[in-house]
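Read off the chains here:
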Amino acid sequence: MKTQNINIEKEIATEIQNTFHTAEVNIKRNKRIEVKLRNDLIPPFLSYAKNYLTFNHLAHFSCVDWIEQNEFELVYIIYSYEKGVIVLAKTRIDREKAEFVTTRHLWYQAETYERELHEMFGINFKGNDRLNEFILEDWEGIPPYRRDFDTVKYATDNFYTRPGREDAKDVRENVTKINKEEIPEFAKEYSVRSLK
Amino acid sequence: MREKETTLYLGPQHPGVTGNMMVKLKVAGDTVVKAETHVGYLHRAFEKLMEQRTWMQSFPIVCRICVPEPDPNEENLARAIEEIEGREVPERAKYIRVMILELSRLAAYMLWMGGQAGTAGLYTVPQWSVGDRDYIIDLFEELTGGRIYHMYIWAGGVRRDLPEGFADKVLRTMDYLESRLPEYDKLFFENAIFQKRAKGVGIIDKDKALEWGVVGPPLRGCGIKHDVRIDEPYEVYDKLDFVVPTHEGGDVWSRAMVRRQEMEQSISIIRQVIDKMPAGEYYNKVPNPLNWYVPEGDAYVKTESARGEFGYYAVSDGGLKPRRVHVRGPAYVHGVSLLEKILVGANISDVAFIMNSLGVCPPEIER
Amino acid sequence: MALNLKGIISPYNALKQAGRKPHTVQYPYKKKEAADRYRGFHFNDIQECIGCGTCSTICQNHAIDMIEIEGLEVGPGDSGLRPRVDNGRCCWCALCVDSCPTGSLSLTKDYLYVSEDPNSFLLIPGIDNPDGQNRKSWISNGNSLLDYKRIPMRELEGQERVKSFAEVVLGYNEEEARTEAARCLGCGICTENCPVHMHIPEYINAIARGDDKMAVKIIYDNNPLGETCGKVCTRRCEEICAFTKRGEPIAIRWLKRYATETVENEKMIEEIVNPTILPPNGHSVAIIGAGPGGLTAAYYLAMRGFNVMVYEAKEHAGGMIMYGIPKYRLPLDSLDKQIEYLQSIGVEIKFNTKVGKDISFDEIRQHHEAVYIGIGFEVPYKLGITGEDASGSIQAINFLREINREKHIEIGDKVVVIGGGNVAIDAARVSRRLGAEVTILYRRRVEDMPADWEEIEGAEDEGVIIHPQAIPLEIITDENNKVKAIKYANAEMIPDPKGGRPRPKIIEGDEHILEVTTVIGAIGQEADYSFLPDDIKEKLEINRGRIVVNEDRQTSIPWLFAGGDIANRRADAIGAIADGFNAVKGIEKFILKEDK
Ligand SMILES: Cc1cc2nc3c(=O)[nH]c(=O)nc-3n(C[C@H](O)[C@H](O)[C@H](O)COP(=O)(O)OP(=O)(O)OC[C@H]3O[C@@H](n4cnc5c(N)ncnc54)[C@H](O)[C@@H]3O)c2cc1C
Ligand code: SF4
Ligand code: SF4
């Protein structure tokens, strides 16, 4: 990559670091700063970023399910039109007790994002009184965007497949049959066909 | 005397949006007192489906997030992967991508024009604009093999080079469309009915626009000059010459004027792209799509779509498949929180009209 | 508000459109021809397709099934299946086309299909629409998603090589291996050509995923000499790799080499393979000959609880992979590591025990319930020309054996090797390393040489001169009966009227004399069955020097099994390994059935 001028990013990063000592601040590239914070520092950080650092555009608010660590990662993507820089403010919350605070008071449209994450990941945003049905209808099972929700199973349980395709063969299996080859159990998951 | 409030369900099928979406209106007389957006008619869980597909297998999925303008989705996903992986894209591919993005912007504005006029009861405009849009669709067919969904931009570049004589065809189409603009002015933009309906209607508060997350033509229609192509130039926009039109007023009319002027800019950009496009490779091949482990990392990328900032947040855990792809469509804000706000006080007959002026595309909201 | 007069009048401008030609609908109706790239229904060239199923795997809509086609006859290198598209699911993204390795699949300009029957949307491309051939639109020529070029193998430079017996091939490093492994599509068609049917896609995928240990474990599932094969296998699997139709096959051999080489010693092999060794079952089997076939049989028998004893005439195990293959291709420490591992899990070898000399066959028969013979071909064919017995005229396999034993052999500075197989090339390349100038005389054309093309290229890089269409006539000796020169004639190729391969015919008078210090014969070997008692020999079915066996490598005598060079025509290490592996199943069947 070309060498990039990242002076403004450095300024912002230092400023953030000086204010939030425990934050992990990292300039990803020009115009992108990543800030990892303890979750209780997110509200003060966002309010500070919005009001003092001119990051007044909430571009996106996302959640990543790190089921292996039993955590959700919340990612606030905020933008300063003035500085032309995006900050990705990240924090981790407990996946079992999926709860966080609303940021609706800072950005009115955060309400919609929180409704989505509530519905899809089952995160409760305290202070948001509009976490009602949004996209899904009469949903009962586990929130569908959690990694442990099995879409294939859901589809096969709820929809039927049109008959006529039962004669499909697996190529690898067919070749093994021709070969009289026995693939040991431990090797089976390494058949690329298991992508499906 | 206070009028009795009644509840009105507008949609899910109606001319205000491209797709299905319902607005639950509380009205007093013919004035909206409260509006609530209801989505869920188009949810296909694309983001979740991508988590079960390899990175390259995700490309045919993302374009379906937006019918009028699918290409920013492909471009965004491609660029997000490229950023995570650090993959270089050949210069020619970047020019081709910009050409496509601008063609799709034009096509989207054509469709918007039809919808905007249609919601005002001016039915000749959609007949024209949908017909003219077809010339762009024909170009797409020739270039990408697909008319609506192109599945053409993907990680590493684009799938095929321009066919023989394609550049000339594009230029001819641009000349034609340019010659049509004055006719649209006479038919639509100067039309007294449209002006009467559009001016002073659906006003977005300029002071609140940025904080509310308003983007694209609605933002520029408030007189605020922001455009991703300028703020954070991607592909080769920094090598092109164009202006970002703005219009004071924040109403349906200003948004229409912004789009009208941007059409001229897009035509000019496309001409420049064809003029400047270098020869050479158009695709930097990615590894075997069945076995491509994209390194760990995340990226937020954005483009200026016909409706404003279109963003993709993509996360890779180093595996074959995305850990997470989260799409940010402009309609997410325009169609829910913003719409619910500015519909208050509007006349019922203006609801669809206002929605259209915001460029509300439901599949962006729910994906 | 003032009256907007302009705004009322100007829309009427549209009226002038009324006279214009309509630009969307045409009268009379003309069917619109789709663009040259239009992505419509599929077409598949059934003859080109190999049924690899990549199209089916890549399809993110699960629209493609692989199905059996009635009447379709295919050979090796083809799964026998063909794709069928569910047009109710397809989105015409053409990912399948762009990742079809053979290029047989394409999309066509056809896009209209109307039916009331929802079950009629299944299309077998190429079979249901043979005329699609003429309407192809989206093809993958030059635009494939796949990478047809393999990662080149690094080697010592030709001039450097001849200075020592250092290994020529340097092996992939980790990054190269991962990249090469990632090219694999996982179809598994290659396994058809592997005599033991190694689980190729699985171990390659393990490498691609960065799990080398798993790759090793998978390799050892049916090949205990994986590292040997990784270095010297004849790799017929690569010949039918799906990539060969348009490019370079996956470097299957080099990937196996990479994985097995990551394991440093026999202890680590044991840790990784972690074999399940069944408790002793009280049965005992004899193996004659510790070549790759015998060792393989011994290994899997030992794992299944048999008491196995290997009788080996020489002082080391490995047979031809020890005494035949030169060390610059298969270094001694690599072989040692592999054999020590086999011994560590319970394979017992009695060295310096030649059956027929040090122990009689009958005695072996008395002590064991079944016997596997894998004695290989160790007796060289004679050239059959005068002067062959002179000093300075030697046989390639004897020569290689002595060199591999690190014995010194005087060959002088001008060597001629006669033959065109791998043994001839090995003898030639070894002679180069001893400092001689080397010429190979071969009866037919270079393209007819049975040797591996990489070996031929390697020899040429090292300065070996290959003289094709040359037939030796006589070895000329001096007064001490020492080789002085060789007389040969050039030959022309006569086409075979029956359509067989052309035969060389001496051109009268085109005779030449080449001064040499050593003549090395390398025109083939045969077996020495003299250790077998007459009654056994009588009952044993032998065809053209090879013992006839069934699928279980069982001979016409039920307790006697045979494999390796003496039983299969491939005459390579993996062929012997497959025989050993399958003989285990046969022996198990034979002995345990008797049990009942
Ligand atoms: C020079 C050369 C190069 C080759 N290169 C390759 C190559 O690159 N790749 C490849 O795949 N193959 C190669 N081969 C072929 C390969 O080595 C053989 O096909 C393979 O080793 C045959 O295995 P086998 O089990 O039949 O036994 P062999 O390897 O032939 O071994 C037979 C064993 O039996 C022992 N034996 C014989 N008679 C008796 C007896 N009476 N009592 C006790 N023990 C006995 C011998 O001492 C020997 O150890 C090469 C062969 C040669 C000669
Ligand atoms: S990918 Fe190509 S060769 Fe393989 S099965 Fe499909 S059509 Fe046949
Ligand atoms: S074109 Fe796309 S959707 Fe259709 S069968 Fe091929 S891969 Fe599947």
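In this text, all values refer to a predicted model and were calculated from it rather than measured experimentally. Each residue is numbered by its place in its chain's sequence as written, counting from 1. Chains carry letters from A onward and ligands carry numbers from 1 onward, assigned in written order. Given that the model is predicted, a residue must reach a pLDDT of at least 70 before its local features are reported, and side-chain atom pairs must reach 80 or more before they are shown or counted; all residues, however, enter totals for whole chains, interfaces and linings. Computation of side-chain values covers all heavy atoms of the structure but excludes hydrogens and water.

J.: It is not clear to me how the overall build of chain B should be interpreted in this structure. Could you clarify?
T.: Of regular secondary structure, chain B possesses 14 helices and 8 strands. Here the globule rule is a power law, 2.2 Å times the number of residues to the power 0.38, and the radius of gyration is based on C-alpha atoms. In terms of C-alpha radius of gyration, chain B reaches 20 Å, essentially the compact-globule figure of 21 Å for 367 residues. Here the C-alpha coordinates of chain B stretch approximately 70 × 45 × 35 Å along the principal axes. Contacts were defined at the residue level, with two residues in contact if any of their heavy atoms lie within 4.5 Å. A separation of at least 24 residues holds for 72% of the contacts in chain B among residues at least 6 apart in sequence. Note that accessible areas follow from Shrake-Rupley with a 1.4 Å probe, and for residues the cover is restricted to the protein chains shown. Taken as a whole, chain B presents about 10800 Å² of accessible surface, with 51% of it coming from carbon and sulfur. Positive and negative charge centroids in chain B, built from 46 and 53 side chains respectively, lie 4 Å apart. Every helix listed is a DSSP run of H or I at least four residues long, and every strand listed is a run of E at least two residues long, numbered separately from the N terminus. Counting rule for charge: Lys and Arg are taken as positive, Asp and Glu as negative, and neither His nor the chain ends is counted. Charge positions come from single atoms, namely NZ of Lys, CZ of Arg, CG of Asp or CD of Glu.

J.: So what exactly am I meant to see when it comes to the sheet that holds strand β7 (residues 284–288) of chain C here?
T.: The strands that make up a sheet are held in pairs by hydrogen bonds between backbone atoms, and each pair lies either parallel or antiparallel. Residues and elements named next belong to chain C. Any two strands are treated as partners once DSSP identifies two or more bridges connecting them. Taken in spatial order, the 5 strands line up as β9-β8-β7-β10-β23 in an open sheet, and their pairing is parallel. Strand pairing shows two members of the sheet lacking a second neighbour, β9 (348–350) and β23 (560–562), which therefore form its edges. Taking the axes of each pair of neighbouring strands and ignoring which way they run, one obtains an average angle of 25° across the sheet. Looking at chain direction, strand β8 (residues 307–311) and β9 are connected through 3 bridges and run parallel. Among the inter-strand pairings, Met-309 is bridged to a residue of β9, identified as Glu-348. In this analysis an axis means a line fitted to C-alpha atoms, helices contributing only their contacting stretch, and an angle means the value between N-to-C directions, from 0 to 180 degrees.

J.: Any chance you could explain the site of ligand 2 here in plain terms?
T.: Neighbouring residues of ligand 2: 15 residues in total, closest Cys49(C), Cys52(C), Gly53(C), Cys55(C) and Cys100(C). All residues other than Ala, Val, Leu, Ile, Met, Phe, Trp, Tyr, Cys, Pro, Asp, Glu, Lys and Arg, Gly among them, are scored as polar; the first ten of these are nonpolar and the last four charged. Taken together, the residues of the shell around ligand 2 break down into 9 nonpolar, 6 polar and no charged. The rule for a residue being near a molecule or strand is that one of its heavy atoms must lie within 4 Å of it.

J.: Any chance you could explain the nonpolar core here in plain terms?
T.: The tendency in soluble globular proteins is for nonpolar side chains to be buried side by side. Working definition of a nonpolar core: buried Ala, Val, Leu, Ile, Met, Phe, Trp, Tyr and Cys residues. They are joined through side-chain atoms within 4.5 Å. Relative accessible area decides the class of each residue, using a 1.4 Å probe on protein chains only: under 20% of the type maximum gives buried, over 50% gives exposed, and in between gives partly exposed. Judged by nonpolar contacts, the single largest core of 318 residues is most densely connected at Phe45(A), Met99(B), Tyr299(C), Phe361(C) and Ile373(C). With 15 residues, helix α4 (residues 91–119) of chain B is the largest single contributor of residues to this core. Each residue touching Met99(B), except ones within four places of it in the same chain, is listed here: Leu143(B), Leu162(B), Phe166(B), Ile270(B), Val273(B), Ile274(B) and Met277(B). Among the nonpolar cores identified, the runner-up in size contains 27 residues, and Ile403(C), Val415(C), Ala424(C) and Val430(C) belong to it.

J.: Would you explain the interface of chain B and chain C in this entry?
T.: Many authors give the size of an interface as the accessible area that is lost as the parts come together. At the junction of the two partners, chain B supplies 46 residues and chain C supplies 47 residues. The junction of chain B with chain C conceals about 3600 Å² of combined surface from both sides, 51% of it contributed by carbon and sulfur atoms. With its nearest N and O atoms 2.8 Å apart, the salt bridge here joins Asp98(C) to Arg160(B). Here a polar contact is recorded for every N or O atom pair within 3.5 Å, except that within protein the pair must consist of a potential hydrogen donor and a potential acceptor, and residues adjacent in sequence are included only if both atoms are side-chain atoms. Where chain B packs against chain C, one counts 27 residue pairs in polar contact (both at pLDDT 80 or more). Breaking the side of chain B that touches chain C down by element, the ones donating at least two residues are α2 (59–62), α5 (124–144), α6 (166–189) and α7 (192–198) of chain B. Top element by residues in the side of chain B that touches chain C is α5(B). It accounts for 9 residues. What gets called buried area is simply the loss in accessible area from a 1.4 Å probe that two parts show on being joined, summed for both. By convention in these notes, a salt bridge is any Lys or Arg side-chain nitrogen within 4 Å of a carboxyl oxygen on Asp or Glu.

J.: Before we go on, may I ask you to explain the sheet that holds strand β14 (residues 437–441) of chain C in this structure?
T.: Residues and elements named next belong to chain C. One open sheet holds the 5 strands; their spatial order is β12-β19-β13-β14-β15, and the pairing between them is parallel. Looking at which strands have only one partner, the edges of the open sheet turn out to be β12 (393–395) and β15 (465–467). Shown here is a sheet whose adjacent strand axes are inclined to one another by a mean of 25°, direction ignored. In the sheet, β12 pairs with strand β19 (residues 518–521) via 3 bridges, with the strands oriented parallel. Counterpart to Ile-394 in the pairing with β19 is Ile-520. On top of the sheet, helix α17 (residues 422–433) reaches β13 (414–418), β14 and β19; it is set at about 165° to β14, its chief contact.

J.: What am I meant to see in the site of ligand 1 here?
T.: Residues and elements named next belong to chain C. Contacts to ligand 1 come from 37 residues, most closely from Val-232, Glu-312, Met-320, Arg-329 and Asp-565. Between a nitrogen atom of ligand 1 and a main-chain N or O atom of Ala-313, the distance comes to 3.2 Å. A distance of 2.8 Å separates an oxygen atom of ligand 1 from a polar backbone atom of Met-320. Considering ligand 1 on its own, with 990 Å² of exposed area, one finds that the protein chains cover 96% of that surface. Residue assignment for the shell around ligand 1 shows that the elements contributing at least two residues are α12 (292–303), α13 (320–323), α16 (396–404), α17 and α20 (573–595).

J.: Mind showing me how you'd approach helix α12 (residues 331–342) of chain B here?
T.: Given 3.6 residues per helical turn, the α-helix brings residues three or four places apart onto the same face. Residues and elements named next belong to chain B. To estimate how far a helix should reach, multiply one less than its number of residues by 1.5 Å. Helix length check: α12 (12 residues) gives 14 Å between terminal C-alpha atoms against 16 Å at 1.5 Å per residue, more than 12% under. α12 sits mainly inside the fold: 11 of its 12 residues count as buried. Ala-331, Tyr-332, Val-333, His-334, Gly-335, Val-336, Ser-337, Leu-338, Leu-339, Glu-340 and Ile-342 are the residues of α12 that are buried.

J.: Hey, could you run me through the side chain of Gln109(A) in this one?
T.: Its place among the elements puts Gln109(A) in the loop between β6 (99–101) and α3 (110–121). A relative accessible area of 0% places Gln109(A) in the buried class. Polar side-chain contacts of Gln109(A) include one of 3.4 Å to the backbone oxygen of Trp212(B). The contact partners of Gln109(A), leaving out residues within four places of it in the chain, are Leu58(A), Glu211(B), Trp212(B), Gly213(B), Val333(B) and Ser337(B).

J.: I keep staring at the domain arrangement of chain C and nothing clicks. Help me out?
T.: Residues and elements named next belong to chain C. These domain limits were set by an automatic method or by a database of domain assignments. Here chain C is described as being made up of domain 1 (42–138), domain 2 (158–272), domain 3 (275–378 + 527–595) and domain 4 (379–525). Listed as interface residues are 10 residues of domain 2 and, on the opposing side, 12 residues of domain 4. Across the domain 2 to domain 4 interface the summed buried area is about 910 Å²; carbon plus sulfur atoms make up 45%. Contact with domain 4 buries area across many residues of domain 2, yet Arg-161, Val-162 and Phe-165 alone supply 56% of it, more than any other trio. Taken together, the connections running from domain 2 to domain 4 amount to 5 salt bridges. One can count 6 residue pairs in polar contact (both at pLDDT 80 or more) joining domain 2 with domain 4. Among the secondary structure elements, those contributing two or more residues to the side of domain 2 that touches domain 4 are α4 (158–161) and α10 (252–261). Among the residues forming the side of domain 2 that touches domain 4, the class breakdown is 4 nonpolar, 3 polar and 3 charged.

J.: Looking at this structure, I do not really get the pairing of β8(C). What am I missing?
T.: Working note: regular strand, side chains alternate between the two faces of the sheet. Buried residues dominate β8(C), accounting for 4 of its 5 residues. Crossover β7(C) to β8(C) through α12(C) is right-handed. Handedness rule for crossovers: strands pointing away from the viewer, path from the first strand over the helix to the second running clockwise, crossover right-handed.

J.: Honestly, the interface of chain B and chain A in this entry has me stumped. Any pointers?
T.: Chain B puts 49 residues into the contact, and the matching count from chain A is 51 residues. Around 4300 Å² of area is buried between chain B and chain A when both sides are counted, 51% of it from carbon and sulfur atoms. Looking at the side of chain B facing chain A, the largest losses of area belong to Lys48(B), Arg323(B) and Tyr332(B), adding up to 17% of the total buried there. Taken together, the connections running from chain B to chain A amount to 10 salt bridges. One salt bridge connects Glu232(B) with Arg29(A), and the closest N-O pair in it is separated by 3.8 Å. Linking chain B with chain A are 28 residue pairs in polar contact (both at pLDDT 80 or more). Looking at the side of chain B that touches chain A, the elements that each hand over two or more residues are α1 (46–50), β6 (297–305), β7 (308–316), β8 (324–328), α12 and α14 (362–366) of chain B. A per-class count over the side of chain B that touches chain A returns 20 nonpolar, 8 polar and 21 charged.

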